[in-house]
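Chain and residue survey
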Amino acid sequence: MKKADIFEFYSRLAADNPDPETELNWGNTYQLVVAVALSAQSTDIGVNKATRALFEKVTTPQQMVDLGLDGLKEHIKTIGLYNTKAKNVIAAAEMLIAEHGGEVPSDRDALEKLPGVGRKTANVVLNCAFGAETFAVDTHIFRVGNRTGLAPGKTVLAVEKKLEKQTPSPFRVGAHHWLILHGRYICKARTPECWRCPVADLCRFKKKTPDPKTK
């Protein structure tokens, strides 16, 4: 996709949603870390339901440790892979207390050392909590990047690097939010809703889906 088209692509998404945010609910940076870690292979809606009562009790790593593994499991047992996620969340809380004074670090390497926190989770935390220009590539962004021609790549990291290189400065902080939401609600995996897509004319996807109302 040409530079002018990329700028126009983001401009239209930004016009539709000037202040994009993650759909995960969180009250502070620590809760964001927990929410994003829990969201792996789960929906934001499901995570939000599970953390609603949890986050009323837990706002710090110490409170998470005090809640304990069994207590945490009771809150998140509706989430996929909750046993493993619970162990990671408790272990991460202990590490935050032991190595960071209970505070969430703003350093990528330090974040990725936390149990259950991979590159994508670190990117989300850095972007949402610290305003960093990071690109957290999930399945939605990977699909959108490749399907539209915005950032084609065979791996998640390749797409991330392409977005990092080609995304214009006015859109760098909000980019991954716009792309996730676009993939979640319009550029869907099975049947993209091309007929109502604001960037359809810029998109390289050849098999545009027609408006079902015209059939």
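Residues numbered from 1 in each chain as written. Predicted model: local features only at pLDDT ≥ 70, side-chain atom pairs only at ≥ 80, totals over all residues. Heavy atoms only, no water.

A separate point is the packing of aromatic side chains. The final tally for this structure, using the stated rule, is four aromatic pairs. The interplanar angle of 70 degrees and the centroid separation of 5.1 Å between the aromatic rings of Phe 7 and Phe 171 together place this pair among those described as edge-to-face. Within this pair, whereas Phe 7 is found in helix H1 (residues 3-16), its partner Phe 171 is found in the loop between helix H9 (156-166) and helix H10 (175-185), the two being separated by 164 residues in sequence. Looking at Phe 7, the relative accessible area reads 39%, which means it is partly exposed. We classify Phe 171 as buried; its relative accessible area is 8%. Aromatic pair Phe 171 and Trp 178: ring centres 6.1 Å apart, planes at 70 degrees, arrangement edge-to-face. Look at Trp 178 and you get buried, because its relative accessible area is 8%. Grouped by ring-pair contacts, the aromatic residues Phe 7, Phe 9, Tyr 10, Phe 171 and Trp 178 constitute a single cluster. Across the ring face of Phe 205, the terminal group of Arg 147 is positioned such that the distance to the ring centre comes to 5.1 Å. (Phe/Tyr/Trp six-rings, centres within 6.5 Å; stacked < 30°, edge-to-face > 60°. Helix = DSSP H or I, 4+ residues; strand = E, 2+ residues; numbered from the N terminus. Buried < 20%, exposed > 50% of the residue type's maximum accessible area, 1.4 Å probe, protein only. Lys NZ or Arg CZ within 6 Å of the ring centre and 35° of its normal.)

Moving on, we come to H9. Think of an α-helix as turning once every 3.6 residues; residues three or four places apart then point the same way. Every buried residue of H9 is listed here: Val 159, Glu 160 and Leu 163. Around the axis of H9, the buried residues are gathered within 100 degrees of arc, so they sit on the same side. The inward-facing, buried residues of H9 contact H1, helix H7 (119-130), helix H8 (139-148) and H10. (Arc of directions from axis to C-beta. Contact = heavy atoms within 4.5 Å.)

Quick look at the UniProt feature "domain: HhH-GPD" (unreviewed entry) in the chain now. Under the present numbering, the feature "domain: HhH-GPD" (unreviewed entry) in UniProt falls on residues 38-185. The span residues 38-185 shows a helical share of 67% and a strand share of 0%, and its end C-alpha atoms are spaced 21 Å apart. (UniProt positions renumbered as here; feature names shortened; annotations may be inferred.)

What follows covers the pattern of salt bridges. By the definition in use, this model includes nine salt bridges. Arg 184 is the partner of Asp 44 in a salt bridge, and the nearest nitrogen-oxygen pair spans 3.2 Å. Linking Asp 44 in helix H3 (residues 44-57) with Arg 184 in helix H10, this pair joins segments that are 140 residues apart in sequence. In this structure Asp 44 comes out as buried when scored by relative accessible area, which is 14%. Ionic pairing is found between Arg 196 and Glu 193, a salt bridge with its closest N-O pair at 2.4 Å. According to the relative accessible area criterion, Arg 196 is partly exposed, its value standing at 42%. Linked by salt bridges that have partners in common, Glu 8, Arg 12 and Asp 201 make up one network. (Salt bridge = Lys/Arg side-chain N within 4 Å of Asp/Glu carboxyl O.)

Two packed helices can be described by the angle between their axes and the distance between those axes. One can describe the packing of helix H2 (residues 29-38) onto H3 by two numbers: an axis separation of 10 Å at closest approach and a directional angle of 145 degrees. By crossing handedness, the relation of H2 to H3 is classed as right-handed. Along its contact with H2, which presents Gln 31, Val 34, Ala 35 and Leu 38, the element H3 presents Val 47, Thr 51 and Phe 55. Tallied by class, residues from the contact of H2 with H3 come to five nonpolar, two polar and no charged. (Axes fitted to C-alpha atoms, helices over the stretch in contact; angles between N-to-C directions. Left-handed = near helix turned anticlockwise from the far one by under 90°. Nonpolar A, V, L, I, M, F, W, Y, C, P; charged D, E, K, R; others polar.)

Take the environment of Val 156 next. By secondary structure assignment, the location of Val 156 is in helix H9. Looking at Val 156, the relative accessible area reads 41%, which means it is partly exposed. With 52 residues separating them along the chain, Val 156 and Lys 208 place their C-alpha atoms 24 Å apart. Apart from residues no more than four positions distant in its own chain, Val 156 is found in contact with Val 137 and Phe 142.

Let's shift gears to the environment of Gly 101. When you line up the elements, Gly 101 lands in the loop between helix H5 (82-100) and helix H6 (108-112). Look at Gly 101 and you get exposed, because its relative accessible area is 63%. Residues Gly 101 and Asn 123, 22 residues apart in the sequence, show an inter-C-alpha distance of 22 Å.

Take the layout of surface pockets next. A probe as big as a water molecule, rolled over the atoms, marks out the empty space that is left. Volume-wise, the largest pocket comes out at about 490 Å³. Taken together, 25 residues line the largest pocket, and the ones lying closest to its centre are Asp 44, Asp 138, His 140, Ile 180 and Arg 184. Counting only elements with at least two residues in the lining of the largest pocket, the list comes to H3, H7, H8 and H10. For the lining of the largest pocket, the leading source of residues is H10, giving six residues. The class makeup of the residues in the lining of the largest pocket is nine nonpolar, ten polar and six charged. (1 Å grid on protein atoms, 1.4 Å probe; cavity = no way out; pocket = protein on both sides within 12 Å on 5 of 7 lines; lining within 4 Å. Points joined across faces, edges and corners; volume = space filled by probe spheres on them.)

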